[in-house]
Amino acid sequence: ISASCLTQEVLHVAGADIQLAAAASFLTVLQDDIVLIHTHTYSILKTVLLNLNHRDTVVSNAWLETLLSAINALPKETIKQEILNPLVYKAQLTQSVQARLASCRILGKVACKFDSHIVRKELLPLARSLCQDVEYEVRSCMCRQLENIARGIGVEDTKVEVLPELVELAGDEESSVRLAAFDTIINLMEMIDSDDRACVLVPLVMSVCDQSSQSDEAVVTSLSFQYGKLCNGLAACLNQEQHGHLLQRYKQLCVVGRTGQTDSNQHTLVRCNCCFNMP
């Protein structure tokens, strides 16, 4: 029995503590280059990939983090054959939510390893499919990885392929998905041209500002954190009325939790974000 087979057999029946220790050890091996990764790629990847489906989510997440770190050191062809090819199957609705969430994270990680043609032809269709998943956790997770996909395909394809997807997700029924879309769009603002800033971003930001008083705290916190970047990035696209509207909303955020509401740590964070964005 080879060492790799023996390792897999031991891990198959091991408890969570041993699994977590093994995941950490594999990560150390990969990060410190203790072994020549090119000569041990198959045995290392086989063990990591098998344990991604562990029934204990804490354990499976530990192995996922190991895989994500390993991707930095793996050659493109190995990623394509050993990780991307099985990913098409693991991203299907017939697979568990846990497997589909892992697929989202992996897609976002590998996008920077390939040229724009491969990202556009092979990764983007899978990413778009996961953005339409029936489970909101999967839609939210994939939405946050679209930033890496966008940077992988470039400005022109982002305008045509990614931005419409993000705008659709910004209107999702689940607030966590809407928040993920809003954050991702703002993070990609430098890749969005002036026309789309005026026609897409400005209406979206105005809508978020109008709705944020009724939104959950996460949306309000994100808006307060992004406010300075928003105002600077959209300044040339705003009319006088919109400038005034953003200023009024900023003033409201500055006193959140101090105007008859019950103050909380989240409210304090919002006010701190406003102080940070004041310049």
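By convention here, each chain's residues receive numbers from 1 onward along its written sequence. Local features in a predicted model are, by the rule used here, given only for residues with pLDDT of at least 70; side-chain atom pairs are given and counted only at 80 or more, and totals for whole chains, interfaces and linings are based on all residues. Values shown for side chains rest on all heavy atoms present in the structure; no hydrogens or waters enter the calculation.

A. Main features of the overall build of the protein. Working definition: helices are DSSP H or I runs of at least four residues, strands are E runs of at least two. Numbering for both runs from the N terminus. Helix and strand counts for the protein stand at 14 helices and 0 strands. Secondary structure elements of the protein occur, N-terminal to C-terminal, as α-α-α-α-α-α-α-α-α-α-α-α-α-α. Going through the 279 residues of the protein one by one, you find that 46% of them count as buried. Contacts are assigned to residue pairs that have any heavy atoms within 4.5 Å of one another. Considering only intrachain contacts with a sequence separation of at least 6, the fraction spanning at least 24 residues in the protein is 66%. On the protein, roughly 14,300 Å² of surface is accessible, and the fraction owed to carbon and sulfur atoms is 55%. Under the scheme applied here, a residue whose accessible area is under 20% of the maximum for its type counts as buried, over 50% as exposed, and between as partly exposed, the area being computed with a 1.4 Å probe on protein chains only. Methods summary: accessible areas were calculated by the Shrake-Rupley approach with a probe of 1.4 Å, and residue burial reflects only the protein chains presented.

B. Here's a closer look at helix H9 (residues 155–169). What a helix is expected to span follows from its residue count: subtract one and scale by 1.5 Å. With 15 residues, H9 ought to run about 21 Å at 1.5 Å a step, and its terminal C-alpha atoms sit 19 Å apart, in line with that. The bend at a residue is defined as the angle formed between two axes, one fitted to the seven residues ending at that residue and one fitted to the seven starting there. At valine 162, H9 shows its strongest bend, of approximately 40 degrees, with the proline proline 164 following within four residues. Within H9 the residues assigned to the buried category are Thr158, Val162, Leu163, Glu165, Leu166 and Leu169. As for H9, its buried residues are in contact with helix H7 (116–131), helix H8 (136–153), helix H10 (175–187) and helix H11 (194–211).

C. Main features of helix H14 (residues 265–277). Taking 1.5 Å as the rise per residue, H14 with 13 residues should run 18 Å; its terminal C-alpha atoms sit 18 Å apart, in good agreement. Taken residue by residue, H14 has His267, Val270, Arg271, Asn273, Cys274 and Asn277 as its buried positions. Buried positions in H14, seen along its axis, are confined to an arc of 155 degrees and lie on one side of it. Of the exposed residues in H14, the ones pointing more than 90 degrees away from its buried face are Asn265, Cys275 and Phe276. Contacts from the buried residues of H14 go to helix H12 (217–234) and helix H13 (240–254). Each C-beta atom gives one direction from the helix axis, and the arc is the one those directions make.

D. Seen up close, the side chain of arginine 271. Residue position: arginine 271 is located in helix H14. Among the polar contacts made by the side chain of arginine 271, one reaches the main-chain carbonyl oxygen of valine 256 at a distance of 2.8 Å. Throughout this description, a polar contact denotes any pair of N or O atoms lying within 3.5 Å of each other; where both atoms belong to protein, one of them has to be capable of donating a hydrogen while the other can accept it, and for residues adjacent in sequence the pair is counted only when both atoms sit in side chains.

E. Main features of the pattern of salt bridges. When a carboxyl oxygen of Asp or Glu lies within 4 Å of a side-chain nitrogen of Lys or Arg, that pair is called a salt bridge. What the rule picks out here adds up to 12 salt bridges. For the salt bridge of glutamate 122 with lysine 80, the shortest nitrogen-to-oxygen distance reads 2.6 Å. Here glutamate 122, found in helix H7, pairs with lysine 80, found in helix H5 (residues 76–90); they are 42 residues apart in sequence, far enough to count as distant. In this structure, aspartate 193 and lysine 159 form a salt bridge, with 3.1 Å as the shortest nitrogen-oxygen distance. With aspartate 193 in the loop between H10 and H11 and lysine 159 in helix H9, the pair connects residues that are 34 residues apart, well separated along the chain. You can call aspartate 193 partly exposed: its relative accessible area is 33%. Overlapping salt bridges, with partners in common, bring together Arg128, Glu161 and Glu165 in one network.

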